[in-house]
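What the coordinates show
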2 protein chains.
Amino acid sequence: MKLGVIGIGTVGEGVLKILSQEKDRLEAMFGREVEIKRICDIREKEFPFGEFNFTDNYREILDDKEIHTVVELIGGVGKAYEIAKEVLTSGRNLVCANKHLIALHGRELFTLAKENNVHFYFEAAVGGGIPVVTPLREGLFPNRFSRIRGVLNGTCNYMLKKMEEGMEYEQALQDAKDMGYAEADPTFDVAGIDTGHKISVLSYLAWGELVDFSEISITGIDKLTKKDVEDAARDGKRYKLLGEASVTEGRTSICVSPQLVGCDELLYSVEGVYNAVETEGSYTGKTVFYGEGAGMDATASAVVSDIYKVLLNGSWN
Amino acid sequence: MKLGVIGIGTVGEGVLKILSQEKDRLEAMFGREVEIKRICDIREKEFPFGEFNFTDNYREILDDKEIHTVVELIGGVGKAYEIAKEVLTSGRNLVCANKHLIALHGRELFTLAKENNVHFYFEAAVGGGIPVVTPLREGLFPNRFSRIRGVLNGTCNYMLKKMEEGMEYEQALQDAKDMGYAEADPTFDVAGIDTGHKISVLSYLAWGELVDFSEISITGIDKLTKKDVEDAARDGKRYKLLGEASVTEGRTSICVSPQLVGCDELLYSVEGVYNAVETEGSYTGKTVFYGEGAGMDATASAVVSDIYKVLLNGSWN
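Read on for an overview of the structure. (Residues numbered from 1 in each chain as written. Chains lettered and ligands numbered in written order. Predicted model: local features only at pLDDT ≥ 70, side-chain atom pairs only at ≥ 80, totals over all residues. Heavy atoms only, no water.)

1. Regarding the relation of the copies chain A and chain B
Rule in force here: To superpose the copies, least squares is applied to the C-alpha atoms of every residue with a pLDDT of at least 70 in both. For this analysis, residues touch if any pair of their heavy atoms sits within 4.5 Å.
Superposition of chain A onto chain B requires a rotation of 180 degrees combined with a translation of 0.0 Å along the rotation axis, giving an RMSD of 0.0 Å. Both copies are brought into coincidence by an operation consistent with a two-fold rotation axis. Across chain A, the rotation axis passes nearest the C-alpha of F289(A), at a separation of 2.5 Å. Of all interface residues in chain A, 100% are interface residues in chain B too; the two copies therefore contact each other through one and the same surface.

Spelled out as structure tokens, the structure:
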């Protein structure tokens, strides 16, 4: 299978690394080859693990009829949205990690994938390296779900930990920036928008419908003070920024907010950049998926698993 | 897709229930029908959720050329082994929850499935309702695993909790029997054999090879006393019966034993009949899957997910 990768940031580099380092083993495992035909970014980069055909013009990937699967790792909803539509419309499979794109334009993109009989996979969009998208969609589907919630943003979770250790909010934010967890503009993280995108994707997987993003009630951690966090700790509790989706009278409602979690709950122990997703199903009861919610290697591993899923499902023929 | 189900115990009844109760929803979701053509058990049973074509002779299922997928829920390695071989050899897909069968005869059965180009799925064999078999095989495969371990037997885990609460071993065992968790002959559970079967299956998924079952070092919980458990609690620790597989110098070693787990580890919080599987991968780091490890509904949900996996993979054509 011939692949084009558009957007070689942290995750993109991880994908190239894993596909290169594990090439022999994965080919032996699956009996087929994944060939990275071309990669695209604004600037050419060099990597210690291999050489790649580089272009700074993504049309060279979209116009290449030999490329049957495109990995979009630009992020956001500008160029990524245009690329996603063109990839699916032209009958190619799409793999991405773009929760923002799915939360805002998922309905249109899922329809395009279906109409064009191609695959659109996004395991890395929620929970980084944790397999949760596929297990929810393909493992837990016999259930009717009553609730899904999770600790979905590592930056906020790291900051809350630091505030529990005595930092003021602004200090914790600076620390998260210094550690490379928070972006220069951390609004998407601390205002809860990233968590909103992710719980929106999970809610789609559970109930088959995307809620209008404007209908999601979102409160971030930016109003929490060191005192709030310390008071909670004195009661044996912790604030966690939770994304939560539930169904009441047939209507899905989604909200994001900092919530107090007691030490008897598994989510209490989810620390630092770890994420966890908890589902409540009519047959399986409570199921929790836990692991690294971000980082080059973990997220790239999820993208690579999607690439091989396309390969094994044979839709590129 | 036409289905035959052999062995209608607790899990079998759960499978019939879910397939009946969720029939309309699942057909709408996947656009195809799963038809239970015949069910087999020693005695005919009646169910409030539907009527089924019953036989007490499993040959009526194996000889029916219209049945392309057989669900084996007898358990054990006697008749179940003969049935599994015949199903695969005759070019039908096999779904089971039988860790004992896989741990002892997996090599032969995997080869038969491959030779006959059919599917052999067993999500329910480990961790009951937790999706862990498929996520490990199809989600985390980019990793090289260093270790996999888990709390895999709900009966033992329940008994250890009761001993922490003050019961002697024999009392805890009787309590587990009264609750319906432990069988009349609980040897497989308390001596660690069931855990051995399950960690053997997980190890196959991680490294692609089954270890000879006789090479697995197994210690159960039957030598633990109330005093051991209380002493551990005073140190802020708990005994958990862990199945653990790791690779050292290219060699997989597996052991089952009661181990002390500290409260800073997620496995510490896995109580009662809950199970958890923890994997350590080269790219994803630590990932934990947690949920109900047993019970009619949870285990049946996993079997149903396998049935639909066969349906969607199209191998019955």
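2. Things to note about the interface of chain A and chain B
The line we're drawing: We count a salt bridge whenever a side-chain nitrogen from Lys or Arg sits within 4 Å of a carboxyl oxygen from Asp or Glu. Think of a polar contact as two N or O atoms within 3.5 Å of one another; within protein, one of them needs to be a possible hydrogen donor and the other a possible acceptor, and neighboring residues in sequence only count if both atoms come from side chains. Put simply, DSSP H or I for four residues or longer makes a helix, DSSP E for two residues or longer makes a strand, and each gets a number counted from the N terminus. Basically, the charged four are Asp, Glu, Lys and Arg, the nonpolar ten are Ala, Val, Leu, Ile, Met, Phe, Trp, Tyr, Cys and Pro, and anything else, Gly included, counts as polar. At least two DSSP bridges between two strands are required for those strands to pair.
At the junction of the two partners, chain A supplies 39 residues and chain B supplies 39 residues. Inspection of the region where chain A meets chain B yields two salt bridges. Among the salt bridges present, the one from E22(A) reaches R144(B), with a minimum N-O distance of 2.8 Å. Inspection of the chain A/chain B interface yields 16 residue pairs in polar contact (both at pLDDT 80 or more). Of all the secondary-structure elements, those providing two or more residues to the side of chain A that touches chain B are helix 1 (10–21), helix 2 (23–30), helix 6 (133–139), strand 12 (285–292) and helix 12 (296–313) of chain A. Here the side of chain A that touches chain B gets eight residues from one element, more than from any other, and that element is strand 12 of chain A. Partitioning the side of chain A that touches chain B into residue classes produces 19 nonpolar, twelve polar and eight charged. Here strand 12 of chain A runs beside strand 12 (residues 285–292) of chain B; their pairing, made up of three bridges, is antiparallel.

3. Topic: the sheet that holds strand 8 (residues 217–218) of chain B
What counts here: To define axes, lines are fitted to C-alpha atoms, for helices over the stretch in contact only, and angles between the resulting N-to-C directions are given on a 0 to 180 degree scale.
Strand order in the open sheet formed by twelve strands is 8(A)-10(A)-9(A)-7(A)-11(A)-12(A)-12(B)-11(B)-7(B)-9(B)-10(B)-8(B), and the pairing between neighbours is mixed. Edge positions in the sheet fall to strand 8 (217–218) of chain A together with strand 8 of chain B, since each has one partner strand and no second. Here helix 7 (residues 154–164) of chain A sits on the sheet and contacts strand 7 (145–151), strand 9 (237–248) and strand 11 (274–281) of chain A; the angle it forms with strand 9 of chain A, its principal contact strand, is near 145 degrees. In the packing of helix 10 (residues 193–207) of chain B onto the sheet, contacts are made with strand 7 (145–151), strand 8, strand 9 (237–248), strand 10 (251–262) and strand 11 (274–281) of chain B, and the angle to strand 9 of chain B comes to roughly 40 degrees.

4. A look at the packing of helix 1 of chain A against helix 12 of chain A
All names here are of chain A. To keep it simple, the criterion reads: Note that the term roughly parallel is reserved for angles under 35 degrees, roughly antiparallel for angles over 145, roughly perpendicular for angles of 65 to 115, and oblique for everything else. Here a crossing is called left-handed whenever its near helix is offset anticlockwise from the far helix by less than a right angle, and right-handed whenever the offset is clockwise.
Axis separation between helix 1 and helix 12 bottoms out at 8 Å; the angle between their running directions is 60 degrees. In terms of axis orientation, helix 1 runs oblique to helix 12. Handedness of the helix 1/helix 12 crossing: right-handed. Where helix 1 abuts helix 12, its residues T10, V11, E13, G14, V15, K17, I18 and L19 lie against M296, D297, T299, A300, S301, V303, V304, I307 and Y308. Class assignment for the residues of the contact of helix 1 with helix 12 results in ten nonpolar, four polar and three charged.

5. A look at helix 7 of chain A
All names here are of chain A. Let me state the cut-off plainly: Only protein chains enter the area calculation, which uses a 1.4 Å probe; residues under 20% of their type maximum are buried, those over 50% are exposed, and those in between are partly exposed.
Counting buried residues in helix 7 gives nine out of eleven residues, a clear majority hidden from the surface. Among all positions of helix 7, only G154, T155, C156, N157, Y158, M159, L160, K162 and M163 are buried. Each element contacted by the buried residues of helix 7 is listed here: strand 7, helix 8 (169–178), helix 9 (187–190), helix 11 (226–234), strand 9 and strand 11. Its side-chain oxygen 3.1 Å from the backbone nitrogen of T155, N153 forms the N-cap of helix 7. Of the residues one or two after helix 7, G166 is the one with positive phi, at around 120 degrees.

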